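Geometric and topological summary
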Amino acid sequence: MAKIKLEYIWLDGYEPTQNLRSKTKVEEHENFQGTLEELGKWSFDGSSTRQAEGGSSDCSLVPVAIYPDPDRKDGYLVMCEVMNADGTPHESNGRATIDDEDDDFWFGFEQEYFIMDTKTQLPLGFPVGGYPAPQGMYYCSVGGKNTHGRNLVEEHADLCIAAGINFEGINQEVACGQWEFQLFAKGAKKAGDEIWVARYLLDRLTEKYGYYIEYHPKPLGKDMDWNGSGMHANFSNSVLRTCGDRATYEKICEAFRPVVAEHIAVYGAYNDQRLTGKHETASINDFSYGISDRGCSIRIPLITVQKGWKGWLEDRRPASNGDPYKIAARIIKTVKSAL
């Protein structure tokens, strides 16, 4: 019998932005294979996470995905859904709202974020009491003058790959101290699971660097002339991947127009500070789509057109602090309404 460490991870009930929580269960197993079937449910004090009242505080954790923990001996990362005591999904449980049981929807999320120094409370590269050089030279840069935080970013990429997450890339972004990683998954629930576990690994990693991650879409203030952080959602289903028809693509895009408010409601808090019509964004008050246009709400990738209208769409509106479960659920609902 060997002892293993299971890190149960869940989302709390804080608003407008939920936080990751986790705790460790040590169990003895013989020949543990790292499967969901080998895991049991667990519980936590919901009164400490704004998910229950003190008089009836137990909430249930139901494992939905498991990954080896590359930074812990005999460890595993267990992503969980939060359930009520009666077994129904908790109101904070966005994963339970996803209507994609057959995994027909594929998602590729582009997670942007700022690396913050815990001492200065500023993004890496920002001097105390001032500003670095204007944005322009930071995007995909190399060298100590314009590139900040590479060691952490590279280590995070290695951890995600070692955990078995379908990690697809990293790059420094437009603003100083701002980075991005990309993930892709077949199945909306899996895509959400992997973004949250990747965020968990990134947040945990900062503990040894003296940094923290800022997911606020405009952490430098809405009036600052710096790019904000988004989480562009690239998505497709079997229709988008195979239809070969421009009219079908336009019909699906048009289905987003009357439900703009419903999408913005789940695309992340303070997104109005980012979606201004500047810095490669469309205005939060407008809706638009176009081929290869990063100033539109939804971009139709050029490669999709070149392949005869077979591919995917990119919703550029989700903010960096958005819940990928809720974002995917809303996109799926809108796409299905058009078909």
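Parameters and conventions
- Residues numbered from 1 in each chain as written.
- Predicted model: local features only at pLDDT ≥ 70, side-chain atom pairs only at ≥ 80, totals over all residues.
- Heavy atoms only, no water.
- UniProt positions renumbered as here; feature names shortened; annotations may be inferred.
- Helix = DSSP H or I, 4+ residues; strand = E, 2+ residues; numbered from the N terminus.
- Buried < 20%, exposed > 50% of the residue type's maximum accessible area, 1.4 Å probe, protein only.
- Pairing = 2+ DSSP bridges.
- Axes fitted to C-alpha atoms, helices over the stretch in contact; angles between N-to-C directions.
- Contact = heavy atoms within 4.5 Å.
- 1 Å grid on protein atoms, 1.4 Å probe; cavity = no way out; pocket = protein on both sides within 12 Å on 5 of 7 lines; lining within 4 Å.
- Points joined across faces, edges and corners; volume = space filled by probe spheres on them.
- Nonpolar A, V, L, I, M, F, W, Y, C, P; charged D, E, K, R; others polar.
- Core = buried A, V, L, I, M, F, W, Y, C linked by side-chain atoms within 4.5 Å.
- Disulfide = S-S within 2.5 Å.

**A few points about the UniProt feature "domain: GS catalytic" (unreviewed entry) in the protein**
UniProt tags residues 89-339 as "domain: GS catalytic" (unreviewed entry). The straight-line gap between the two end C-alpha atoms of residues 89-339 is 28 Å; of that span, 29% is helix and 18% is strand.

**Points about unusual backbone geometry**
With an omega dihedral of 5°, the bond running from Glu15 to Pro16 counts as a cis peptide bond. With respect to the helices, strands and loops of the structure, Pro16 is situated in the loop between strand 1 (2-11) and strand 2 (20-29). Even without a glycine there, the phi angle at Cys140 is positive, about 55°. Residue position: Cys140 is located in the loop between strand 6 (106-117) and helix 1 (150-162). Among the residues examined, Cys140 registers a relative accessible area of 45% and is labelled partly exposed. We note that Trp309 has phi near 60°; this positive angle belongs to a residue other than glycine. Locating Trp309 in the fold gives a position in the loop between helix 6 (302-306) and strand 13 (313-315).

**Quick notes on the sheet that holds strand 4 (residues 58-68)**
Adjacent strands of a sheet pair through backbone hydrogen bonds, lying either parallel or antiparallel. Spatially, the 5 strands line up as an open sheet ordered 2-1-5-4-3, and their pairing is mixed. Of all strands in the sheet, those with a lone pairing partner are strand 2 and strand 3 (42-45), marking the two edges. When the angles between neighbouring strand axes are averaged without regard to direction, this sheet yields 40°. As judged from the 8 bridges shared by strand 4 and strand 5 (residues 75-83), these two strands associate in the antiparallel manner. What sits directly across from Ser60, in strand 5, is Met83. Running at roughly 125° to strand 5, helix 2 (residues 188-206) makes contact with strand 1, strand 2, strand 4 and strand 5 of the sheet.

**Quick look at empty space enclosed by the protein**
All told, the structure shown has 1 cavity of 30 Å³ or more when counted by the stated rule. For the largest cavity, the calculated volume is near 80 Å³. Along the walls of the largest cavity sit Leu11, Gln18, Cys80, Glu81, Val82, Ser92, Asn93, Gly94, Arg95 and Tyr325, which together make up its complete lining. Per-element tally for the lining of the largest cavity: the top contributor is strand 5, with 3 residues. Grouping the amino acids of the lining of the largest cavity by side-chain chemistry returns 4 nonpolar, 4 polar and 2 charged.

**A short note on the nonpolar core**
A general trend in soluble globular proteins is that nonpolar side chains are found buried together. In this structure, Met79, Phe107, Tyr113, Ile165, Leu313 and Ile331 are the most contacted members of the largest nonpolar core, which totals 64 residues. Take this core: its biggest share by element is 10 residues, from helix 2. Residues within four places of Ile165 in sequence aside, it is in contact with Tyr67, Cys160, Leu183, Glu194, Val197, Ala198 and Leu201. Of all hydrophobic cores here, the second largest spans 14 residues; its members include Tyr8, Trp10, Cys80 and Val82.

**Remarks on the state of the cysteines**
Each disulfide consists of a covalent bond between the sulfur atoms of two cysteine residues. Applying the stated rule across the entire model yields 0 disulfides. Between Cys80, a cysteine without a disulfide, and Cys59, which holds the nearest cysteine sulfur, the sulfur-to-sulfur distance is 12 Å. Overall, the relative accessible area of 5% leaves Cys80 in the buried class. Cys140 takes part in no disulfide bond, and the closest cysteine sulfur to it belongs to Cys176, at a distance of 14 Å.

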